[in-house]
Protein chains: 2
Amino acid sequence: MGDQVRRNMPLFPMGIVMQLTELSARQIRYYEENKLITPARSEGNRRLFSFNDVDRLLEIKSLLERGVNLAGIREVFEMRERGMQTLHPYYRKEPTEAELHNHLKKELYQAGRYGKASLIQGELSRFFN
Amino acid sequence: MGDQVRRNMPLFPMGIVMQLTELSARQIRYYEENKLITPARSEGNRRLFSFNDVDRLLEIKSLLERGVNLAGIREVFEMRERGMQTLHPYYRKEPTEAELHNHLKKELYQAGRYGKASLIQGELSRFFN
DNA sequence: AATAAATGTTAGGAATCCTTACATTTATTT
DNA sequence: AAATAAATGTAAGGATTCCTAACATTTATT
């Protein structure tokens, strides 16, 4: 069984993830609402979080504490998914992109040096190996 | 945070453990009743299983399939906790010990070569690293 | 001051899990 | 073969956890 598969297995209920991340249910649901995570669901519609979900939540928390807003975090995640290292992914996109980029840059600038949190792959590894 | 601590963190609810082990809730509760596992409890008295709990359940299942009964499995676990490799831990114990040992030996004998399943540390590693 | 972003709080309902009790199956013993 | 024991199934009633939705509050930005 691949590592990628394992890290995406739906395992944890809301209560455990709240403890693991020290986030409120409201916060976690809000981040999902904003497409920052997409936890699986049980048959009865209960959220089931994977290791990767928890990792993401920890990173969201870290970035928020650094002053990045949800739009910025979304951008950071999309950036990574495209396998980019640059901070400028604005070519070949929608009109509002320039503004978005500007906004992000400004926030990241005043949030202190960027790149540290987003480079921490696997925050959850503090809990598990 | 130590590895031992992590593997003992209460994380999984009953439903997930059922899927992970392919055991029924009845079976899992019965094994707890017989002191083969001791999952933690939530504030509201719900079982919360750790990695080690799931590992144990997988081993219980394996041993049961080999014909070992619960008493035998309990013996195997106690044996390991004492850090023994021998199959003869009957000195310095209660009167019924000799019978127990005899019983176990018989079962293990007819269950095929012993030692394989109990040596598999971390069955759950098939799912996680 | 007004707006927006992020989070808190509450309510009502649904899903999951709890214990307890009794039934069933399978193996062992007499 | 009948009786006993071990392991599991099943069902009921109740408690816990989680769900969505709505409205309130806090904080930052405009």
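Residues numbered from 1 in each chain as written. Chains lettered and ligands numbered in written order. Predicted model: local features only at pLDDT ≥ 70, side-chain atom pairs only at ≥ 80, totals over all residues. Heavy atoms only, no water.

### A few points about the protein's contact with DNA strand C
- The full set close to DNA strand C counts 19 residues, and S24(A), R46(A), G15(B), R46(B) and R47(B) are the nearest of them.
- Backbone atoms, meaning sugar and phosphate, form 67% of the atoms of DNA strand C found within 4 Å of the protein.
- Between a phosphate oxygen of DNA strand C and a side-chain N or O atom of S24(A), the distance comes to 2.6 Å.
- For DNA strand C, a phosphate oxygen lies 2.9 Å from a polar atom in the side chain of S42(A).
- Looking at side-chain class alone, the surface near DNA strand C contains six nonpolar, seven polar and six charged residues. (Near = heavy atom within 4 Å. Polar contact = N/O pair within 3.5 Å; in protein donor to acceptor, adjacent residues only side chain to side chain. Nonpolar A, V, L, I, M, F, W, Y, C, P; charged D, E, K, R; others polar.)

### Quick notes on the protein's contact with DNA strand D
- In the region of DNA strand D, 20 residues are neighbours, and G15(A), R46(A), R47(A), S24(B) and R46(B) sit closest.
- For DNA strand D, the backbone portion of the atoms within 4 Å of the protein, that is sugar and phosphate, comes to 67%.
- Interatomic distance of 3.0 Å between a side-chain N/O atom of R29(A) and a phosphate oxygen of DNA strand D.
- R41(A) places a side-chain nitrogen or oxygen 3.0 Å from a phosphate oxygen of DNA strand D.

### Remarks on helix α5 (residues 70-81) of chain B
All names here are of chain B.
- Its twelve residues give α5 an end-to-end C-alpha distance of 16 Å, which sits within 8% of 16 Å, the value for a rise of 1.5 Å per residue.
- If you check which residues of α5 are buried, you get L70, G72, I73, E75, V76, F77 and M79.
- One or two steps after α5, the chain reaches G83, where phi turns positive at roughly 70°. (Helix = DSSP H or I, 4+ residues; strand = E, 2+ residues; numbered from the N terminus. Expected span 1.5 Å × (residues − 1). Buried < 20%, exposed > 50% of the residue type's maximum accessible area, 1.4 Å probe, protein only.)

### Focus: the confidence of the model for chain A
- Scored by pLDDT, chain A has a mean of 76; 64% of the residues are at 70 or more.
- Low pLDDT (under 50) marks residues 85-121 of chain A, which in the prediction has 40 contacts with non-local residues, meaning those over four places away or in another chain. (pLDDT = per-residue confidence, 0-100. Contact = heavy atoms within 4.5 Å.)

### Examining helix α3 (residues 25-33) of chain A
All names here are of chain A.
- A25, I28, Y31 and E32 are the residues of α3 that are buried. The buried residues of α3 occupy one face: seen down the axis, they fall within an arc of 130°. Opposite its buried face, α3 presents the exposed residues R26 and E33, each directed more than 90 degrees away.
- Those residues of α3 that are buried lie in contact with α2 (14-21), β1 (40-41), β2 (47-48), α4 (51-65) and α5 (70-81). (Arc of directions from axis to C-beta.)

### Things to note about the pattern of salt bridges
- For the coordinates displayed, the defined rule picks out 16 salt bridges over all chains.
- With a closest N to O distance of 2.3 Å, D55(B) and R7(B) form a salt bridge. Placement of the pair is D55(B) in helix α4 (residues 51-65) and R7(B) in helix α1 (residues 3-7), with a sequence separation of 48 residues.
- Where salt bridges share partners, they join E32(A), R41(A) and R47(A) into one cluster. (Salt bridge = Lys/Arg side-chain N within 4 Å of Asp/Glu carboxyl O.)

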